[in-house]
Amino acid sequence: MPYTSDLGRYNEATRDLDPPLAIIDLDAFDHNAADLVRRAAGRPIRVASKSLRCRYLVERALALPGYAGVLAYSLPEAMWLCASGTATDLVVAYPTVDRAALRALAGDETARHTITIMVDSVEHLDLIDTILGPGHPTIRVCLELDVSWRPLAHVGLVHIGTRRSPLHTPAQAGAFAKAVLGRPGFQLAGVMAYEGQIAGLGDNPPGRPLRGATVRWIQRQSATELIERRTAAVAAITALAPLEFVNGGGTGSLELTASDPSVTELAAGSGLVGPTLFDAYRRFSPEPALLFALPVVRRPGPGLATLFSGGYVASGTGTPDRLPRPYLPGGLGLTGTEGAGEVQTPVRGPAADQLRPGDRVWLRHAKAGELAERFREYHVLDEDDQLTTVPTYRGEGQCFG
């Protein structure tokens, strides 16, 4: 049974701490982790570190059954996680042009066997050769396949999905794999194919039934096409050489990706902590495990309270769904004129009349990992209501972009 958040519990557990502060509800985190494994239907889940940015949480997930390996978001991050012993299997999800990190990778035998970097063009290989010089040690690489939906690909008018790899067709994937295999100094270890138009796009946006119906139709059409195309691309590559892994999916598409016979592992991270962008799905409902508290500093009028700080706006489209959302006490919302501000955040609603300066309001971030860029530490609340304080990446002096 999912754990239900409790305002009194959070306030009591953190009564000796001054907000702003952030907590991890460990019951909710573990519940979400188990639900992701259920949805993965037997496929191992690679932990997307971008969605956590806290070594304690990455390591906790990796210690749970059903999780294996880390999907890092930068090469310096992967090098750090390797050196710290957090993970022994790291795939960097985005291409790197970091010269210092590439040289460090080439010079570290353990890292070279542990870390796989992303490539999708001959230009990537050329750059690595230029940085490392002739005869450089073998670098493990992963080919990224674009699995956006292009229903009018023959005229190039429609692109639904993230703008990632230029390798869209099985023929393009096979040709690039052949180029990698024929290039000294590189080992083709795996393939990654992230279906952002399904994994990262909610199919049940609140109050927008027509948009929800449209998104579901697009996702059904895209799913049928991408399973066929991804399977063909993997077949084209494995006809040339075996692969160690084929990675796909994200929190929002685990069921779909697990049904694809060409995929050997899944990826997820946001679903472990349940940010607000993942409230807009029908197939699953993560518990809010990551919350932050802001103090009330003003009462500017009836039905209004002003909080200190709070402008923790998520990256992306710049739309209102990227703003943090008041969570506890219930019945509060942001104002349309100020939103979430750098030094103050007004909230409106009946519950505001019960708030006084010094009280706290709990909010949820729109995305999972970005809150860790605002806090040096998370306070982990266990089932016995005991707090343990752990550092975020920022708290360990790390910032990876």
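Residues numbered from 1 in each chain as written. Predicted model: local features only at pLDDT ≥ 70, side-chain atom pairs only at ≥ 80, totals over all residues. Heavy atoms only, no water.

*Asks:* What am I meant to see in the environment of S84 here?
*Replies:* In this structure, S84 sits in helix 4 (residues 75–84). A distance of 2.9 Å separates polar atoms of two side chains, one belonging to S84 and the other to T86. (Helix = DSSP H or I, 4+ residues; strand = E, 2+ residues; numbered from the N terminus. Polar contact = N/O pair within 3.5 Å; in protein donor to acceptor, adjacent residues only side chain to side chain.)

*Asks:* Hey, could you run me through the side chain of N247 in this one?
*Replies:* With respect to the secondary-structure elements, N247 resides in strand 8 (residues 245–248). Judged by its relative accessible area of 3%, N247 is buried. One polar contact links N247 to E265, side chain to side chain, over a distance of 2.9 Å. (Buried < 20%, exposed > 50% of the residue type's maximum accessible area, 1.4 Å probe, protein only.)

*Asks:* How should I be thinking about unusual backbone geometry in this particular structure?
*Replies:* With the exception of glycine, the majority of residues adopt a negative phi angle, and the majority of peptide bonds are in the trans configuration. Note the cis peptide between P19 and P20, where omega equals 5°. Of note, P20 is situated in the loop between helix 1 (7–13) and strand 1 (21–25). Of the consecutive residues L328 and P329, the connecting peptide bond is found in the cis state with omega at -5°. Looking at the element boundaries, P329 is found in the loop between strand 12 (325–328) and strand 13 (333–334). Non-glycine residue R53 carries a positive phi angle of around 50°.

*Asks:* Honestly, helix 8 (residues 170–181) in this entry has me stumped. Any pointers?
*Replies:* What sets the pattern is the α-helix's 3.6 residues per turn: residues three or four places apart point alike. Between its first and last C-alpha atoms helix 8 spans 16 Å; for 12 residues at 1.5 Å apiece the expected length is 16 Å, and the two agree. Looking only at helix 8, the buried set comprises A173, G174, F176, A177 and V180. Down the axis, helix 8 shows its buried residues gathered within 170° of arc, on one side only. Turned more than 90 degrees away from the buried face of helix 8, the exposed residues are A171 and K178. Its buried side turned inward, helix 8 meets strand 5 (115–119), helix 7 (122–132), strand 6 (139–144), strand 7 (186–193) and helix 10 (209–238). (Expected span 1.5 Å × (residues − 1). Arc of directions from axis to C-beta. Contact = heavy atoms within 4.5 Å.)

*Asks:* I'm lost on the nonpolar core in this one. Help?
*Replies:* In a soluble, globular protein the nonpolar side chains are often hidden away together inside. Core analysis: the largest hydrophobic core is formed by 91 residues, its most contacted members being I115, I117, L143, L272 and Y378. With residues up to four places along the chain from it excluded, the contact list for I115 reads L75, A78, M79, C82, L90, V92, L105 and R140. Grouped together as the second largest cluster of nonpolar side chains are nine residues, C142, A189, M192 and F245 included. (Core = buried A, V, L, I, M, F, W, Y, C linked by side-chain atoms within 4.5 Å.)

*Asks:* How do you make sense of the sheet that holds strand 2 (residues 45–48) when you look at a structure like this?
*Replies:* The strand order around the closed barrel built from eight strands is 2-3-4-5-6-7-8-9, with neighbouring strands paired in parallel fashion. For this sheet, the mean inter-axis angle between neighbouring strands, taken without regard to orientation, is 30°. Bridge count between strand 6 and strand 7: six bridges; the pairing is parallel. Residue L143 lies in a different strand from strand 7, and its bridge partner there is V191. Each of strand 2 and strand 3 (67–72) is contacted by helix 3 (residues 55–62), which is oriented at about 145° to strand 3, the strand it contacts most. (Pairing = 2+ DSSP bridges. Axes fitted to C-alpha atoms, helices over the stretch in contact; angles between N-to-C directions.)

*Asks:* Explanation requested: the packing of aromatic side chains in the structure shown.
*Replies:* The description of two aromatic rings rests on the distance between their centres and on the angle between their planes. Overall, the coordinates contain 11 aromatic pairs when judged by the stated rule. For the pair Y10 and W362, a centre-to-centre distance of 5.6 Å together with 55° between the ring planes defines the contact as tilted. Note that Y10 is positioned in helix 1 and W362 in strand 15 (residues 360–364), a separation of 352 residues in sequence. The class of Y10 is buried, set by a relative accessible area of 0%. Overall, the relative accessible area of 0% leaves W362 in the buried class. (Phe/Tyr/Trp six-rings, centres within 6.5 Å; stacked < 30°, edge-to-face > 60°.)

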